[in-house]
Amino acid sequence: MMGYKVNRKKNRREAFLPAPFALVLAAGGLLALSYLWMGGRCDALGRRIKLLEEQKDDLHRRVVAEQVKWSNAKSPSHIEQLLQRHRLVMSWPDEACVIRIRRPSEEPVSAEVPAAKRQYAQRVGS
């Protein structure tokens, strides 16, 4: 064998990036991707919330409109117009035919009230 020396400095294999620096770089990239993903999710949720709020407002307007229509439809003048339009002959009952039931809070029930004037609920049938 010949006696020449091998230069160990030239034969040494070094990593392109040192391990701690590569770890920090990978963690930073992971954090950046996580930030972008969270930003996208927040934007998507914001758009969904805005859409749902618009739908809620639209439904509220529709409910109010239907309540106005219903209150107009059940007014006595409108009922009389419908009766005339459909040629139904009906009239309001006489005052003598109307039975008024008072709530217990209006009139206290006591022993002084005769049994004939007391009002009871009755279940008919089984």
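Note on numbering: residues in each chain are counted from 1, in written sequence order. Reporting of local features is limited, given that this is a predicted model, to residues whose pLDDT is at least 70; pairs of side-chain atoms are given and counted only at 80 or more, and all residues count toward the totals for whole chains, interfaces and linings. The side-chain figures draw on all heavy atoms in the structure; neither hydrogens nor water molecules are used.

Participant: Looking at this structure, I do not really get the overall build of the chain. What am I missing?
Facilitator: Helix and strand assignments come from DSSP, with helices taken as H or I runs of at least 4 residues and strands as E runs of at least 2, each series counted from the N terminus. Secondary structure summary: the chain contains 3 helices and 0 strands in total. Put simply, the chain runs from its N terminus to its C terminus through helices and strands in the order α-α-α. Each residue is assigned to one of three classes by its accessible area relative to the maximum for its type, calculated with a 1.4 Å probe on protein chains only: buried under 20%, partly exposed between the two thresholds, exposed over 50%. In the chain, buried positions account for 2% of the 126 residues. Carbon and sulfur atoms make up 60% of the accessible area of the chain, which amounts to about 13500 Å² in all. Exposure was quantified through the Shrake-Rupley algorithm and a 1.4 Å probe, taking into account, for residues, occlusion by the shown protein chains and nothing else.

Participant: I tried to follow the pattern of salt bridges on my own but got confused; where do I start?
Facilitator: A side chain with one charge can pair with a side chain of the opposite charge if their charged atoms come near. Basic side-chain nitrogens of Lys or Arg form a salt bridge, by our definition, when they fall within 4 Å of a carboxyl oxygen of Asp or Glu. Summed over the entire model, instances satisfying the criterion amount to 3 salt bridges. Measuring nitrogen to oxygen at the nearest pair gives 3.6 Å for the salt bridge that ties E66 to K69. Note that E66 and K69 are positioned in helix α2 (residues 19–73) at a spacing of 3 residues, about one turn of the helix. We classify E66 as partly exposed; its relative accessible area is 46%. E95 is paired through a salt bridge with R100; the nearest N and O atoms lie 3.3 Å apart. Comparing E95 with R100 shows no difference in burial state: the two are exposed.

Participant: Please clarify how a nonpolar patch on the surface should be interpreted in this entry.
Facilitator: Any residue with relative accessible area above 30% and no salt bridge may belong to a patch, with like charges joined within 9 Å and the nonpolar Val, Leu, Ile, Met, Phe, Trp and Tyr side chains within 5 Å. A cluster of nonpolar side chains, contributed by F16, L17, F21 and L25, occupies part of the molecular surface with about 470 Å² of accessible area. Inspection of the secondary structure assignment puts L17 in the loop between α1 (8–11) and α2. For L17, a relative accessible area of 34% corresponds to the partly exposed category.

Participant: Any chance you could explain unusual backbone geometry here in plain terms?
Facilitator: Leaving glycine aside, a negative phi is the common case for residues, and trans is the common case for peptide bonds. Even without being glycine, R87 reaches a positive phi, approximately 55°. Along the chain, the position of R87 falls in the segment after α3 (76–85). Given a relative accessible area of 75%, R87 falls into the exposed group.

Participant: Any chance you could explain the confidence of the model for the chain here in plain terms?
Facilitator: Predicted coordinates in areas of low pLDDT are best not read in detail. pLDDT measures the predictor's confidence residue by residue and takes values from 0 up to 100. Of the residues in the chain, 72% reach a pLDDT of 70 or more, and the chain-wide mean stands at 83. Per-element confidence in the chain ranges from a low mean pLDDT of 66 for α1 to a high of 96 for α2.

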